[in-house]
Protein chains: 4
Amino acid sequence: MNSNIEKAVRASFAKQTFLKTIGAELIGVSAGEVEIELPFRSDLCQQHGFLHAGVVTSIVDTACGYAALSMMPEGSEVLSVEFKINLLSPAVGEKFLARGKVVKAGKTLTFVNGEVSAKNGGDEKLIATMSATMIARAG
Amino acid sequence: MNSNIEKAVRASFAKQTFLKTIGAELIGVSAGEVEIELPFRSDLCQQHGFLHAGVVTSIVDTACGYAALSMMPEGSEVLSVEFKINLLSPAVGEKFLARGKVVKAGKTLTFVNGEVSAKNGGDEKLIATMSATMIARAG
Amino acid sequence: MNSNIEKAVRASFAKQTFLKTIGAELIGVSAGEVEIELPFRSDLCQQHGFLHAGVVTSIVDTACGYAALSMMPEGSEVLSVEFKINLLSPAVGEKFLARGKVVKAGKTLTFVNGEVSAKNGGDEKLIATMSATMIARAG
Amino acid sequence: MNSNIEKAVRASFAKQTFLKTIGAELIGVSAGEVEIELPFRSDLCQQHGFLHAGVVTSIVDTACGYAALSMMPEGSEVLSVEFKINLLSPAVGEKFLARGKVVKAGKTLTFVNGEVSAKNGGDEKLIATMSATMIARAG
């Protein structure tokens, strides 16, 4: 992958104050695929003490967006057009790993699939899947 | 509406630590309809300084969930099965208002539509729509 | 509404051989809103004798697409980018009415909400809701 | 896989009059995965002569539904709760292959991912992806 694109993804990620607020980390960037990790925190929960669906969604939407950006021309910016998430199981774990993977990159629109796994010790369990549409904007 | 149900919604909302973290407030609960407000904060943004799509999603998913809960038998709990969000416009505003409205309440599944508006002075602009499926669980 | 646009919608509808195969009729075209009707037929059913979800989807996707086209510049063509449908109740009825209504018309993308009702005698019951994204292409 | 379940899938498929109307064939049934094929026909098209999105949706929704049914207890019936489809490319081809694959099978709800490919000579091109929720009903 073009190293300028990786730099662009990392620079854009660093500007997202909300990702800092929730403690999300960008752990993998390759062409068409991005991984984000988030450690569990008790101030990010819903009413049963599980990670809030909004936090789960935030990290996988971000992974999908940057997966799309990694395939766009240099200097592009990416915006989420829409996404759908299926919440398979309660978000219980020590860490959460979100992966976005491009299904089809187009000039205007890019389709991306996402997944979130919960990690507990050595265990990894799929807890959510996403289907997203991203749009490229000139930077 | 049954006032016990309103109490149940308010009690459940208060237990969600993530909603406190982002500053979301429950401002309206009626049968099949719930409203949540969130003031803009600079630590909840994406890379262009707009409210992060994950925050937009969090408040409208929550409004949809409690709209569903308001129609369920007393003692139920509600979980999001899935939702889709369309992001119509950048989330620019002083305050954000999320509304969830039940389309069809069933014994197991409840379908809910959601909307998010951005408020700027006297202006209110629709910025996102949600279509969600919620499931009732015995409490 | 520009009458050329209504003509364009009607001309495009007439070219869709599948809509003829299933007996769909274009019954209303206005700016940002389109209605399509389909009489029940026993060769359009699923395993319980209800109208097949694929037929329900076909008419409401089409209504959403033309609702979007009605807001686009003359000479445009419209393609579905994605849609989500919630199937609220079994599709039981003598006639089915699909309505598409534009939520936000943009230069490239247009967001549309759709609904399908089943008609039985004087009764009309909401059986499905759609949330769709459409894209304009130069004709 | 339990051969009674395969029989149940085949028997249910045979009862769907709409699938006969469009010429869909059930070509593969295994535990958690179902494949359906549809030859192109000129009476199943949209305005540009491509296979109609409603037909694409019909075959992949059906593949997803039966993939879910293949994991349910004997005697169950399956209904689509909701699905979302992303239309990646125009549906141009001699044959179309829809695959549904279970992501998570639950007691009440089953989550399924679907794909549709267009076949042209030896070529196979992914043209659509689906994310669906199915519900089990006692038969």
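Conventions we followed
- Residues numbered from 1 in each chain as written.
- Chains lettered and ligands numbered in written order.
- Predicted model: local features only at pLDDT ≥ 70, side-chain atom pairs only at ≥ 80, totals over all residues.
- Helix = DSSP H or I, 4+ residues; strand = E, 2+ residues; numbered from the N terminus.
- Rg over C-alpha atoms; globule rule 2.2 N^0.38 Å.
- Buried ≥ 20, exposed ≤ 12 C-beta atoms within 10 Å, placed from the backbone.
- Contact = placed C-beta atoms within 7 Å.
- Nonpolar A, V, L, I, M, F, W, Y, C, P; charged D, E, K, R; others polar.
- Pairing = 2+ DSSP bridges.
- Least-squares fit on C-alpha atoms with pLDDT ≥ 70 in both.
- Expected span 1.5 Å × (residues − 1).
- Axes fitted to C-alpha atoms, helices over the stretch in contact; angles between N-to-C directions.
- Parallel < 35°, antiparallel > 145°, perpendicular 65-115°, else oblique.
- Left-handed = near helix turned anticlockwise from the far one by under 90°.
- pLDDT = per-residue confidence, 0-100.
- Core = buried A, V, L, I, M, F, W, Y, C linked by C-beta atoms within 7 Å.

Some words on the overall build of chain A
Broken down by element type, chain A carries three helices and six strands. Along chain A, from the amino end to the carboxyl end, the secondary structure elements read α-α-β-β-α-β-β-β-β. Relative to the 2.2 N^0.38 estimate, which gives 14 Å for 139 residues, the radius of gyration of chain A is 14 Å and therefore close to what a compact globule would have. Projected onto its principal axes, the C-alpha coordinates of chain A cover approximately 40 × 25 × 25 Å. Burial status across chain A gives 56% buried among its 139 residues. The contacts in chain A between residues at least 6 apart in sequence include a share of 65% that link residues at least 24 apart.

As for the interface of chain A and chain B
Across the contact, 27 residues belong to chain A and 27 residues belong to chain B. Residue assignment for the side of chain A that touches chain B shows that the elements contributing at least two residues are helix H2 (17-22), helix H3 (53-69) and strand S3 (76-87) of chain A. Here the side of chain A that touches chain B takes eight residues from S3 of chain A, the largest share from any one element. For the side of chain A that touches chain B, the residue count by class is nine nonpolar, 13 polar and five charged. Inspection of the sheet shows S3 of chain A paired to strand S3 (residues 76-87) of chain B by five bridges, in the antiparallel sense. Residue Ile-85 of chain A lies in a different strand from S3 of chain B, and its bridge partner there is Phe-83 of chain B.

Regarding the relation of the copies chain B and chain D
Expressed as a screw transformation, the operator carrying chain B onto chain D has a rotation angle of 180 degrees and an axial translation of 0.0 Å, and the superposed copies differ by an RMSD of 0.0 Å. Each copy turns onto its partner about a two-fold axis. When the interface residues of chain B are mapped onto chain D, 100% of them again fall at the interface, so both copies present the same face.

Concerning helix H1 (residues 3-14) of chain B
A rise of 1.5 Å per residue sets the reference length of H1 of chain B, with its twelve residues, at 16 Å; its end C-alpha atoms lie 17 Å apart and thus fit the reference within 8%. Those residues of H1 of chain B that are buried lie in contact with helix H2 (17-22), strand S1 (25-30), strand S2 (33-39) and helix H3 (53-69) of chain B.

Quick word on the environment of Gly-139 of chain B
All names here are of chain B. Relative to the helices and strands, Gly-139 is located in the segment after strand S6 (123-138). With 12 C-beta atoms packed within 10 Å, Gly-139 lands in the exposed category. In contact with Gly-139, not counting residues within four places along its chain, are Gly-75, Ser-76 and Glu-77.

A closer look at the packing of helix H3 (residues 53-69) of chain C against helix H3 (residues 53-69) of chain D
One way to put it is that H3 of chain C packs onto H3 of chain D with a least axis distance of 8 Å and a crossing angle of 150 degrees. Considered as vectors, H3 of chain C and H3 of chain D are oriented roughly antiparallel to each other. Crossing angle aside, the handedness with which H3 of chain C passes H3 of chain D is right-handed. Contacts from Ala-53, Gly-54, Thr-57, Ser-58 and Asp-61 of chain C in H3 of chain C reach Ala-53, Gly-54, Thr-57, Ser-58 and Asp-61 of chain D in H3 of chain D. Partitioned by chemical class, the residues of the contact of H3 of chain C with H3 of chain D number two nonpolar, six polar and two charged.

Considering the interface of chain B and chain D
The interface is formed by six residues belonging to chain B together with six residues belonging to chain D. Of all the elements, S3 of chain B adds the most residues to the side of chain B that touches chain D, at three residues. Grouping the constituent residues of the side of chain B that touches chain D by class yields two nonpolar, two polar and two charged.

Some thoughts on the pairing of strand S1 (residues 25-30) of chain D
Residue and element names in this part refer to chain D. Sheet topology note: the S1/strand S2 (residues 33-39) ladder contains five bridges and is antiparallel. Bridged to Val-29 within S2 is Val-34. The loop that links S1 with its antiparallel partner S2 comprises two residues; one of these, Gly-32, has a positive phi angle of about 85 degrees.

Regarding the relation of the copies chain A and chain B
Its rotation angle being 180 degrees, the transformation that places chain A on chain B also includes 0.0 Å of axial translation and leaves an RMSD of 0.0 Å. Of all interface residues in chain A, 100% are interface residues in chain B too; the two copies therefore contact each other through one and the same surface.

Comments concerning the sheet that holds S3 of chain A
Pairing within the open sheet is antiparallel, and its twelve strands lie in the order S1(A)-S2(A)-S4(A)-S5(A)-S6(A)-S3(A)-S3(B)-S6(B)-S5(B)-S4(B)-S2(B)-S1(B). Each edge of the sheet is formed by a strand with only one pairing partner; in this case those strands are strand S1 (25-30) of chain A together with S1 of chain B. Within the sheet, the average angular offset between the axes of one strand and its neighbour, ignoring direction, is 25 degrees. By the bridge criterion, eleven bridges tie S3 of chain A to strand S6 (residues 123-138) of chain A in an arrangement that is antiparallel. Bridged to Glu-77 of chain A within S6 of chain A is Arg-137 of chain A.

Thoughts on the sheet that holds strand S1 (residues 25-30) of chain C
Each strand in a sheet pairs with its neighbour through backbone hydrogen bonds, running either in the same direction (parallel) or in the opposite one (antiparallel). Judged by pairing direction, the sheet is antiparallel, and its twelve strands sit side by side in the order S1(C)-S2(C)-S4(C)-S5(C)-S6(C)-S3(C)-S3(D)-S6(D)-S5(D)-S4(D)-S2(D)-S1(D) without closing on themselves. Both edges of this open sheet fall to S1 of chain C together with S1 of chain D, since each of them pairs with a single strand only. Here the average twist between neighbouring strands, direction ignored, is 25 degrees. Sheet topology note: the strand S5 (residues 109-120) of chain C/strand S6 (residues 123-138) of chain C ladder contains twelve bridges and is antiparallel.

A closer look at the confidence of the model for chain A
On average, residues of chain A score 96 in pLDDT, and 99% of them are at 70 or above. In the predicted complex, the global pTM is 0.96; the interface-specific ipTM is 0.96.

Structural notes on the environment of Pro-90 of chain D
On the secondary structure map, Pro-90 of chain D appears in the loop between strand S3 (76-87) and strand S4 (95-105). With 15 C-beta atoms counted inside 10 Å, the residue Pro-90 of chain D sits in the partly exposed group.

Quick word on the nonpolar core
Looking at soluble globular proteins, one finds that nonpolar side chains tend to be buried together. Ile-59 of chain A, Ile-59 of chain B, Ile-59 of chain C together with Ile-59 of chain D are the most contacted members of the largest nonpolar core, which has 216 residues in total. Setting aside anything within four residues of it in sequence, one finds Ile-59 of chain C in contact with Ala-24, Ile-36, Leu-38, Phe-96, Ala-98 and Val-116 of chain C.

So, the environment of Ala-68 of chain A
Residues and elements named next belong to chain A. Structurally, Ala-68 can be placed in helix H3. In this structure, the C-alpha to C-alpha distance between Ala-68 and Met-134, residues 66 residues apart in sequence, is 6.7 Å. Here Ala-68 is in contact with Val-78, Val-102, Thr-110, Val-112 and Met-134, once residues within four sequence places are set aside.

Thoughts on H3 of chain C
With 17 residues, H3 of chain C extends 24 Å from end C-alpha to end C-alpha; this agrees with the ideal 24 Å at 1.5 Å per step. Most of H3 of chain C is tucked away, with 17 of its 17 residues classed as buried.

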